[in-house]
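# Structure at a glance
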Amino acid sequence: MKLARDLTCAEIVELVTDYLEGGLPVDGRERFEEHIAYCDWCLTYVDQMRQTIEAAGRLQEEDLSPQLQQGLLAAFRDWRGA
């Protein structure tokens, strides 16, 4: 049986979205939570991601300047090719 501590920090980064959205199966969630219980860096990362999602969810289109909107659109258009 693979121990929860076998999850690497890189795997936590890859799984954080599924974790925060409730998309991990029970055993995956338990392994994730065990890792962040002993890894302060990953716990901080998960908390930062949670705060970022909450803050982004409060943004309205009118909160962004037209220049910022255009810059974001251009960045995401170009992102697919990266």
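All values derive from a computational prediction rather than experimental measurement.

For helix α3 (residues 40-58), which comprises 19 residues, the first-to-last C-alpha distance of 27 Å matches the rise-based estimate of 27 Å (1.5 Å per residue) to within 8%. Among the residues making up α3, those that are buried are C42, Y45 and V46. Down the axis of α3, the buried set is contained in an arc of 100°. They therefore lie on one face. Facing away from the buried side of α3 by over 90 degrees, the exposed positions are D40, Q51 and R58. Each element contacted by the buried residues of α3 is listed here: α1 (9-20) and α2 (26-38).

A few words on the nonpolar core. The biggest cluster of nonpolar side chains holds eleven residues, and these are L7, I12, V16, Y19, L24, F32, I36, C39, C42, Y45 and V46. Of all the secondary structure elements, the ones that give two or more residues to this core are α1, α2 and α3. Beyond its immediate chain neighbours, meaning those up to four positions away, F32 contacts L7, I12, L15, V16, Y19, L24 and V46.

Here the focus is the side chain of H35. Following the sequence through the fold, H35 ends up in helix α2. Of the residues examined, H35 reaches a relative accessible area of 2% and is grouped as buried. Within the structure, the side chain of H35 is placed 3.1 Å from the backbone oxygen of L7, a separation counted as a polar contact.

Analysis parameters
- Residues numbered from 1 in each chain as written.
- Predicted model: local features only at pLDDT ≥ 70, side-chain atom pairs only at ≥ 80, totals over all residues.
- Heavy atoms only, no water.
- Helix = DSSP H or I, 4+ residues; strand = E, 2+ residues; numbered from the N terminus.
- Expected span 1.5 Å × (residues − 1).
- Buried < 20%, exposed > 50% of the residue type's maximum accessible area, 1.4 Å probe, protein only.
- Arc of directions from axis to C-beta.
- Contact = heavy atoms within 4.5 Å.
- Core = buried A, V, L, I, M, F, W, Y, C linked by side-chain atoms within 4.5 Å.
- Polar contact = N/O pair within 3.5 Å; in protein donor to acceptor, adjacent residues only side chain to side chain.

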